[in-house]
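Understanding the architecture of this molecule
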Amino acid sequence: MKYTLLLFMALVLATANAQDCHFVLQGKVIDQHDGKPLKGAIIAIYGLEKEVFSNENGDFVIQGLCVGFYEIEISHIDCGTQFVPIKLERNITKTFYLEHHVEALNEVALIKKVNNLLAQQTIDATVFENKLSQSFAEALTEIQGINTLKTGNSIAKPLLQGMYGSRVLTNNQGVRMQDMEWGAEHAPNIATSSVEGVSLAVGAKALKYGGDAVGGVIVLDPRKPVFKNRQKHTAIFSAYSNGLGVLSSQKFEKDFKNGLFYGIQASYKKAGNNHNAAGYLQNTGLEQTSISIPFGWHLAHKGIDAYISYFKANNGILRNSHIGNLQDLINQINGDTAIPIGDFTYNIENPRQDVSHILTKISAYYHFENLGRWTLQYDFQQNNRKEFDVRLGDRNKLPGTDLQLQTHGFQSNFKLDTSYDKVLELGVETAYQTHFPNPATGVKRLIPDYNSLNFGAYLYGLKTLSPSWEIEGSIRTDRVQIKADKFYKTSRWESLGYNTDFLDFVVADFETQILTAAKLNFNTQSAALSFHYNQQGHRVSTHLQYIERAPNPAELFSEGLHHSAARIELGSLRMRKEKAHKLGVQYSYSSDQRTFLLAPYFNRINDFMALIPSGLEFTIRGAFPVWEYQQTNANFTGVDFKWTEHFSNELKFTNGASLVKAIDLKNNTPFPNIPPVSTQHELEYLFKNIKGLSVQLAGEYNFRQNEVPEDLMIFNPYTQKEQLLEINKAPNGYFLLSSLVEYQFPKSGTTQYKLRLSGENLTNLAYQNYLNRLRYFSNELGINFQLQLQINY
Amino acid sequence: MKKIFTTLFTLSLFMIFLSCSDNDSPELIQEEEVITSVIVTLQSGSNTVTLSSVDLDGDGPNEPVITAQGSLNSDTTYSGAVRFLNESVSPVEDITEEVAEEAEEHQVFYSFTSPISSVASSDTDSSGNPLGLVFTLTTGDSGNATFGLTLRHKPKKPNTGILDAGGETDVAVNFSVSVQ
C-alpha cells in the first residue's frame, strides 16, 4: 500500500519522456559508527530501475532523474536498509549515514516511506535481534511510552500510554490481531524473532487500522520486496542463564529482480524455572514455537501478497500464584505465607497456559492508470487458549478454560493518488468472528459462546499545503453486532436486575441456570485531524482525535471467579460505547548529532469501561471482592520524552522518560495498573581501533507509583476482624542496570558473524514491578546473562 | 509458486467452511468439582451436633447458609467428621471421597476459640501426615465458641500449621457453636 505513490510516479515518469529528466542525485554514504565512508552500499530508487554502488570513498551518482518525489533506498549488508524521501527540483548532493541500531527516534532520517508522516516512533529489525529472548511486548518497550503489563515473567501485554487490551490494536501484516479481549493474562501471540519492524500509528492514519483504538495502534511491518536477485539467511542462536533458556531463530529470504519474493522464518525457544535472589521460582518455564511464511509478487501496477504464520506457546504460571481464596491472597501480600523455593526443571506443570495462533492472509492490488490503486485482502485467524489449573484427580489433564476464536476478515481499500500533493483513500472492511468455549472443561465459561459481525468504512485524506505544512484527516464508521448465547446463574441474573431489564433474552430456564441469547448492536463514529509542520530538522505534529469504542465481550459478559486474582469479575449488559477525545502534540528534532522528542498528550474518555471493586461476596471458599465493569469518565494525561546525543563518533548517549496520570473522574481516584514515572539512560561506545566492537551500558529507574486506588478494607469472618487488603499498594522504586557487548567479525565473503553478550539486572536486585500482576507472589527475576551468535550469509 | 497460491486458496476456503459449522445452543455445564456444602458432625454418646454451611449457587451472589443444630456439652470429648458435598448436581456428589483418595494432596485445618479447648486430626494419609477428615474436639467451660475449618489442596506436607502449608484453599467456613 505504501508504495502506491512511488509505483504510480514511476509509471508516470516512465511514460512521460517529454519531461525534464536531467537532474543528478549524488552523495556519500558514511558509517555512522566510525564516520568512515562505506564502500559497496547499494543506492536504489524505489520503483525505478536505477541502482548504483558506492565506491571506496563512499561516493555515488545517479543521473537522468526527473522532477518529483523519490524514495531512496540505501542499504549495506552490514547495516540494514534506510529509506529516505527526497523531493527533486534541482541537482542534489546529500550525505547518508548508515547505522546498525536504528533508534526509535531517528524518524526524520529514517522515514520509511514518502508521506509517512505518522509513524511517530519506529523500531527496526536490528533492535529485535537484540531482544529475541524477550517477549514481543517487552521488545516494544524500545518505543518511548510503551510499558508492559505482565502476568509472571512469560506473559506480557503492551501497555501504551497507560492503556492495554481492546484499546491498543496490533496490526500484523495488515491483519488486525484478534484476542486482546481475552484479558490481561493473555499476551499477543507474536514471536519476537518474526518481527521485521514496528511503528506506532497515531492521528488520522490510525483510523485506517480500526475505529476503536482509544490507546493507539502498533503496526508490524510486512516483508517488502527489494527488486533484485538476492538470497539472505539469518541464523540466530542464543542461550541465557536465568532459566537456562535456549533459542534458535532461522530466517531465509529470497528475492528476484522481477518482484517475486518469498521467505520462511522459524523459531524455537525453551526455558526452565527462572530464579531471583531468593532461589528458583516454581513452574516458570516456557516453550514457544513459531513459523511464518511470507511470499508474493509485486509488479509496478499489480501484485499479490500472502502470509501464513503459526505460533504456539506453553507458559508455566508461578505455582504459588494459584490461590484459593482471599485469605490466601492476604496471607501472600502480607508475607505471612512462606514463598516456596523450587528446584530447577524444564518441566511445566499446572497451572499453565497453552496458546496458539494461526494467522493467514492473502492480498492483491491493482493500479488503475491515472486513477489509483485498489487493494483487496482476505484474512483468517484462529486463536486457541487453554488454561490448566490445579484440579482434583484426573481433571488435572482437562483444561479449566478452553477457548477458540476464529475470525474471517475481508477488506478493500482504494487509494486515489493522481496528484503529488494529495492522497485520498477509501476503505471498507468486514469481519465475522465466532467464539467457542469448550464445555468439556466442566467449568463454567468465563466468556460465553458468541459470534460477531463487524462492518467498517473509512475515508482518509492527506494534503501538502506548502513545503513545511501538511494536513491529514480521516473519518470512520463501524457497526458491531454481537450475538451471545450465555448461561447465567439464576441468582446472578436476578441480583443484577436482568430478570426485569433483559427478560426477552431468556431462552430456557434450568432452575439454577438460565440460558440467554443476547443480541447487541453498536454503531461507532470516529474522526481525526493531524497537522504537521517541518522546518530544518524540526517537526511539530498536532493530532486531534475523537474515537468511539464498542464494548467487547469480556466487558459485556464476564461472570465468575478468577482464581489467580481471587476476585469475582462481572461484565454488564448495560454497557454503552466509550468516547475518547484526544489531543496529542509531538515535537521532534533531528540532526546528525542529535535527536529529540517531546510528546505530551491528553485523552479525555467519557463512559470509560473499567473494572471497579463494588463489594464483597461470600462463598464456601470464603469471601471474594467483586469487581464490576462500570462506566466512568477518565482523564489520561502524559508526556513521553527521548533525547539522543552523539558526543563524538564513538560515544552516544540516550535519555528517555515517560509519565502518565490516569484519573477516574467519577470516583475521583487513580486507575490501577498505570505505569509509574520511569527514566532510561544509555551510553554506547564504539571502539575506534577495533572495528565492529561496541559496548552499551544502560540504567533504568522506575519510581514508585504514588497514585494508586485505595486499598480495600475486608471483613475477615475467620478472625472476625476488619483487615486491609493491600492489593493496590505499589512496590518501591528500583534501579536496574544492564549491558551489551557486541562484536561484528570482519566479513568473509558474504558471511558475517555477530556475537552479543548481554546482561540484565546486573546487581541481582530483589525488586517488585508494579505492572506485574503476580508481584504479590514473588520478586522479579534476578541477574541474567545472554550469549547470542548471529550468522548472516 | 502457482501451487502455493492454489494451496492457500483451498486452505482459506476450507477454513471458512470449518468455522461456519456450529450454530447450536451451547451445552449446559453442571460443575462437578464445586463444593456447595460442608457438613460437620460432632458426636459424644447420644449427643450429636451438626454444623453445616450450604451455598448452592457457588460463586453466585447468594451467601452460604450456615446452621448449627444442637449444642455441645462442656468438658466433653467429641469425635468429629467432616463431609464435602456438591449438591448442585443430581445425584449429589460426595467430594469427601475424592479428598480421601488424594489424601496426600489434601489437609483439613481447624481453628477454634474457647471454650473449645482442642481440636486434633485423628486420621492420616499414607505417609503418616495428618489429613483431618475425622478429628477429636474437646470442650472446656460453657460459653459461645467459634469453630472454623479450611480444606487446602496441595499443601506442603508435613507442615507446622496452616500458614506454613501454602496450597489453595478449597473451603473456608466458620461456625458459631454454643457449649453448655
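Per chain, residues are indexed from 1 in the order of the written sequence. Lettering of chains starts at A and numbering of ligands starts at 1, both following the order in which they are written. A pLDDT threshold of at least 70 governs which residues receive local features in this predicted model, and a stricter bar of 80 or more applies before side-chain atom pairs are shown or counted, although totals over entire chains, interfaces and linings include all residues.

**Notes on the overall build of chain B**
Cut-off, in case you're wondering: Runs of E in the DSSP output that reach at least two residues are strands. Runs of H or I that reach at least four are helices, and both are numbered from the N terminus. Neighbour counting defines burial: a residue surrounded by 20 or more other C-beta atoms within 10 Å of its own C-beta is buried, one with 12 or fewer is exposed, and intermediate counts give partly exposed, using backbone-placed C-beta atoms. We call two residues in contact whenever the C-beta atoms placed from their backbones are within 7 Å.
Helices and strands together make up the secondary structure of chain B, namely 3 helices and 10 strands. Secondary structure elements of chain B occur, N-terminal to C-terminal, as α-β-β-β-β-β-α-β-β-β-β-α-β. Of all 180 residues assigned to chain B, the portion counted as buried reaches 32%. Across chain B, the fraction of contacts at a sequence separation of at least 24, relative to all contacts at a separation of at least 6, is 60%.

**Here we look at the overall build of chain A**
Formally: Note on method: radius of gyration uses C-alpha positions; expected globular size equals 2.2 Å times residues raised to 0.38.
Per the secondary structure count, chain A includes 8 helices and 44 strands. What you see for chain A is a C-alpha radius of gyration of 27 Å, in line with the 28 Å of a compact globule of 793 residues. Expressed along its principal axes, the backbone C-alpha trace of chain A runs to roughly 90 × 55 × 45 Å. A buried classification covers 50% of the 793 residues belonging to chain A. Sequence separation of 24 or more characterises 66% of the internal contacts of chain A that already satisfy a separation of 6 or more.

**Focus on helix H5 (residues 326-333) of chain A**
Most of H5 of chain A sits out of view: 6 of its 8 residues are buried. Count one or two residues on from H5 of chain A and you reach Gly335 of chain A, which has phi positive near 75°.

**Focus: the sheet that holds strand E7 (residues 92-98) of chain A**
All names here are of chain A. The condition that has to hold: Should DSSP find at least two bridges between two strands, the strands are taken to pair. Every axis in this analysis is a line fitted to C-alpha atoms, fitted for helices over the stretch in contact. Angles between the N-to-C directions lie between 0 and 180 degrees.
Reading across from one edge, E4-E1-E7 is the order of the 3 strands in this open sheet, with mixed pairing throughout. Looking along the sheet, the strands with just one partner apiece sit at the ends: strand E4 (59-65) and E7. For this sheet, the mean angle separating the axes of adjacent strands, direction not counted, is 25°.

**Looking at the domain arrangement of chain A**
Under the convention used in this document: Segment limits for the domains were obtained from an automatic or database-derived domain assignment.
Parsing chain A into structural domains produces domain 1 (4-99) and domain 2 (127-569 + 583-792). Spacing between the C-alpha centres of domain 1 of chain A and domain 2 of chain A amounts to 37 Å.

**Side note on unusual backbone geometry**
Looking along the chain, the bond that leaves Ser114 of chain B and enters Pro115 of chain B is cis, with omega of 15°. By the element assignment, Pro115 of chain B lies in the loop between strand E6 (106-112) and strand E7 (116-121). Cis geometry is found at the peptide bond from Lys157 of chain B to Pro158 of chain B, where omega equals -5°. Even without glycine at this site, Gln536 of chain A takes up a positive phi of about 45°. By secondary structure assignment, the location of Gln536 of chain A is in the loop between strand E29 (513-535) and strand E30 (538-549). Despite not being glycine, Asp607 of chain A shows a phi value in the positive range, around 55°. When you line up the elements, Asp607 of chain A lands in strand E34 (residues 594-619).

**Quick notes on the interface of chain A and chain B**
What counts is decided by this rule: Note on residue classes: Ala, Val, Leu, Ile, Met, Phe, Trp, Tyr, Cys and Pro are nonpolar, Asp, Glu, Lys and Arg are charged, and everything else, Gly too, is polar.
Contacts between the two partners involve 53 residues from chain A, matched on the other side by 46 residues from chain B. A class-by-class count of the residues in the side of chain A that touches chain B yields 22 nonpolar, 20 polar and 11 charged.

**Quick notes on the nonpolar core**
Let me state the cut-off plainly: We define the nonpolar core as any set of buried residues of the types Ala, Val, Leu, Ile, Met, Phe, Trp, Tyr and Cys, connected via C-beta atoms lying within 7 Å of each other.
In terms of nonpolar packing, the biggest core is built from 99 residues, with Leu140, Ala206, Ala213, Val217 and Ile218 of chain A touching the most fellow members. Aside from chain neighbours lying at most four places away, what touches Ile218 of chain A is Leu140, Pro158, Val168, Leu169, Thr170, Val198 and Leu200 of chain A. By size, the runner-up hydrophobic cluster in this structure holds 32 residues, among which are Tyr78, Ala145, Val171 and Val179 of chain B.

**Details of the environment of Gly161 of chain B**
Within the fold, Gly161 of chain B resides in the loop between strand E9 (143-153) and helix H3 (162-165). Residues Gly161 of chain B and Tyr110 of chain B, spaced 51 residues apart in sequence, show a C-alpha to C-alpha distance of 9.6 Å.

**Observations concerning the sheet that holds E9 of chain B**
All names here are of chain B. One open sheet holds the 3 strands; their spatial order is E6-E9-E10, and the pairing between them is antiparallel. If you trace the sheet from one side to the other, it starts and ends with E6 and strand E10 (168-179), each paired once. The average angle at which neighbouring strand axes cross in this sheet is 15°, direction not considered. Summarising the sheet, E9 and E10 pair through 11 bridges and their orientation is antiparallel. Following the sheet pairing, Thr150 is matched in E10 by Ala172.

**Regarding the confidence of the model for chain A**
The predicted coordinates ought not to be read in detail in places where the model reports low pLDDT. Residues and elements named next belong to chain A. This is how it is decided: What pLDDT conveys is the predictor's confidence in a given residue, as a value from 0 to 100.
Of the residues in chain A, 91% have a pLDDT of 70 or more, and the chain-wide mean is 86. Between residues 1-19, whose pLDDT stays under 50, and residues either more than four places distant or in other chains, the model counts 34 contacts. Scored below 50 in pLDDT, residues 100-120 shows 68 contacts in the model against residues more than four places distant or in partner chains.

**What about the pairing of strand E44 (residues 784-792) of chain A?**
All names here are of chain A. As defined by bridge partners, strand E15 (residues 230-240) adjoins E44 across 7 bridges and the pair is classed as antiparallel. Looking at E44, one finds that Phe237 is bridged to Leu789. Where strand E43 (residues 752-760) and E44 come together, 9 bridges link them in antiparallel fashion. Its bridge partner being in E44, Tyr753 is matched across the sheet by Ile791.

**With respect to the pairing of E30 of chain A**
Residues in a regular strand point their side chains to alternate faces of the sheet. Residues and elements named next belong to chain A. In the sheet, E29 pairs with E30 via 9 bridges, with the strands oriented antiparallel. The partner of Asn534 across the bridge, within E30, is Arg539. Between E29 and E30, which follow one another and run antiparallel, lie 2 residues, and Gln536 among them has a positive phi close to 45°. In this sheet, strand E33 (residues 578-590) lies alongside E30 in antiparallel orientation, the contact comprising 12 bridges. By the bridge assignment for E33, Leu544 is matched with Leu583.

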